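# Understanding the architecture of this molecule
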Amino acid sequence: AQESRGLGDVYKRQALFNRVQLQINPEAGTPDLPTYKRLDNYRKGVPDYQLEQLYYQFGRYLLIASSRPGNMPANLQGIWNYQLRAPWDGKYTTDINVEMNYWPAEVTNLEELHKPFLEMVRELSENGREAAREMYGCRGWVLHHNTDLWRMTGAVDRAYCGIWPVASAWLCQHLWDRYLFSGNKEYLKKAYPIMKSASQFFVDFLVEDPNTGYLVVVPSNSPENAPRWIKKKGNLFAGITMDNQLVFDLFSNTCEAAKVLGEDVLFCDTLISMRRQLPPMQVGQYGQLQEWFEDWDHPQDHHRHISHLWGLYPGYQISPYRSPILFEAARNTLIQRGDPSTGWSMGWKVCFCCLLYTSDAADEE
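Note that the coordinates shown come from a computational prediction; the quantities given were computed from them, not determined experimentally. (Residues numbered from 1 in each chain as written. Predicted model: local features only at pLDDT ≥ 70, side-chain atom pairs only at ≥ 80, totals over all residues. Heavy atoms only, no water.)

What follows covers the packing of aromatic side chains. For the coordinates displayed, the defined rule picks out 16 aromatic pairs. Ring centres of Phe201 and Phe205 lie 4.9 Å apart, and the angle between their planes is 20°; this geometry places the pair in the stacked category. Of this pair, Phe201 and Phe205 both sit in helix H10 (residues 185–205), four residues apart, which is roughly one turn of that helix. With relative accessibility at 0%, the residue Phe201 sits in the buried group. Judged by its relative accessible area of 6%, Phe205 falls in the buried class. Each ring, one from Trp229 and one from Trp296, has its centre 5.1 Å from the other, and the planes form 80°; the classification is edge-to-face. Of this pair, Trp229 sits in the loop between strand S4 (215–216) and helix H11 (241–261) while Trp296 is found in the loop between helix H12 (265–276) and helix H13 (324–337), placing the two residues 67 residues apart along the sequence. Residue classification places Trp296 among the partly exposed positions, given a relative accessible area of 24%. Above the ring of Phe17, the side-chain terminus of Arg60 is found at 5.8 Å from the ring centroid. The side chain of Arg275 reaches across the aromatic face of Phe248, ending 5.2 Å from its centre. (Phe/Tyr/Trp six-rings, centres within 6.5 Å; stacked < 30°, edge-to-face > 60°. Helix = DSSP H or I, 4+ residues; strand = E, 2+ residues; numbered from the N terminus. Buried < 20%, exposed > 50% of the residue type's maximum accessible area, 1.4 Å probe, protein only. Lys NZ or Arg CZ within 6 Å of the ring centre and 35° of its normal.)

So, in structure tokens, the structure goes:
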């Protein structure tokens, strides 16, 4: 009973909220203005460090208010919704949105709030085995671009978004990141079979491209976007850049986890060999990072998804030190996509801007 009371205290809002403090240039003080005027001034370039602190804590508060152990993860509407039919059915969109909800969990010291999402990943890995077997004849587990309270894993909605069988790789990155923050091997023993199973799916699912010899994910799409020459939204292709990045990191993380646990040397040899055969990232005719294997990008494409920059963030593959050419191509892609977009897209662009050392652009976002 005493232990239960202690846990209850930890999960109180103030206990979670107050465990982190952020101070940026505290000597500057806080302007004696309403928030809307501070925002207006900030857009005009007037420094307001305390507004930045407020935004940081507001993001933490949103996760505190919408994700608690023992409950459902935060979905597109957070958790509370007043409508009988919520926008996008109140589902969990797994080609960016639900993952983005949990980016603050580890880095802002809210690891307990990550648990509902990680538990959902475990449940999806169980349901996803049937989808992998019945839809594709593969081992392991698969998840497409959406799921819900009942942990559906098959392809739903339209061809330009629904037939995207790579969400399991993205979700497994959260499992690995949780280990990197905690160093907890007992946790990793539970997470590793889920990562291994996701890797097994792609071992079976990848096919050799007859023109290049690369191993590719097919059919798939670059989430919710299409080349400009596509007149209808039926954009299924092979070797999508985001897919290659996701599978690359899944194989890498699975092998690192296996090394920590001292398991599956032969399986990891297979993953490393197949990883070498994935298509490399490419720079296109406009100096951009190509979204598709072919050079189909257009500088006037201002689509809200910038999925092919996954390797920059939240992935780890594009670096100014290890891959300066790709780093510059990522910068060009971001410039060509432009700033105005939907709210979640602007949030992703802020992360890109910070990693690309374009702090002024991040402020404007």
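Next comes the rest of the write-up.
Right, let's get into the side chain of Glu99. Position of Glu99 among the secondary structure elements: in helix H5 (residues 97–101). Buried charge Glu99 goes without a salt bridge, the closest partner of opposite sign being Arg151 at 13 Å. Among all residues touching Glu99, those that are not within four sequence positions of it are Thr93, Thr94, Phe117, Trp170, Leu171 and His174. (Lys, Arg positive; Asp, Glu negative; His and termini not counted. Salt bridge = Lys/Arg side-chain N within 4 Å of Asp/Glu carboxyl O. Contact = heavy atoms within 4.5 Å.)

Bringing the packing of helix H9 (residues 167–182) against H10 into the picture now. Packed helices, taken two at a time, are described by the angle between their axes plus the distance between the axes. In the contact formed by H9 and H10, the axes pass within 10 Å of each other and the chain directions differ by 160°. As far as their axial angle goes, H10 and H9 are roughly antiparallel. Our pair here, H9 against H10, has a crossing hand that is left-handed. Counted together, Ser168, Ala169, Cys172, His174, Leu175, Trp176, Arg178 and Tyr179 of H9 and Lys185, Tyr187, Leu188, Ala191, Ile194, Met195, Ala198 and Phe202 of H10 form the full contact between these two elements. Residues that form the contact of H9 with H10 fall into these classes: 12 nonpolar, two polar and two charged. (Axes fitted to C-alpha atoms, helices over the stretch in contact; angles between N-to-C directions. Parallel < 35°, antiparallel > 145°, perpendicular 65-115°, else oblique. Left-handed = near helix turned anticlockwise from the far one by under 90°. Nonpolar A, V, L, I, M, F, W, Y, C, P; charged D, E, K, R; others polar.)

On the surface, a nonpolar cluster with roughly 420 Å² of combined accessible area is contributed by Tyr55, Phe58, Tyr61 and Leu62. Along the polypeptide, Tyr55 turns up in helix H4 (residues 49–66). (Patch = residues over 30% accessible without salt bridge, like charges linked within 9 Å, V, L, I, M, F, W, Y side chains within 5 Å. Areas by Shrake-Rupley, 256 points an atom, 1.4 Å probe, with all protein chains shown as cover.)

This brings us to the nonpolar core. As a rule of thumb, nonpolar side chains are buried together in soluble globular proteins. Core analysis: the largest hydrophobic core is formed by 81 residues, its most contacted members being Trp170, Leu175, Phe202, Leu206 and Phe251. With 11 residues, H10 is the largest single contributor of residues to this core. Those residues in contact with Trp170 that lie beyond four places of it in its chain are Thr94, Asp95, Ile96, Glu99, Trp103, Trp164, Met242, Leu246, Trp310, Pro314 and Trp348. (Core = buried A, V, L, I, M, F, W, Y, C linked by side-chain atoms within 4.5 Å.)

Moving on to the packing of helix H3 (residues 35–43) against H4. Following both chains from N to C, one finds H3 and H4 inclined at 110°, their axes separated by 10 Å at the closest point. Taken as axis vectors, H3 and H4 run roughly perpendicular relative to one another. The two elements H3 and H4 meet at a crossing, and its hand is left-handed. Across the interface between the two elements, Arg38, Leu39 and Tyr42 from H3 touch Gln50, Leu51, Glu52 and Tyr55 from H4.

Take the pattern of salt bridges next. Applying the stated criterion to the full structure yields 19 salt bridges. Residue Asp89 pairs with Arg85 through a salt bridge whose shortest N-O separation is 4.0 Å. Classification of Asp89 by relative accessible area gives partly exposed; the value is 47%. By sharing partners, the salt bridges in this structure join Arg85, Asp89 and Lys91 into a single network.

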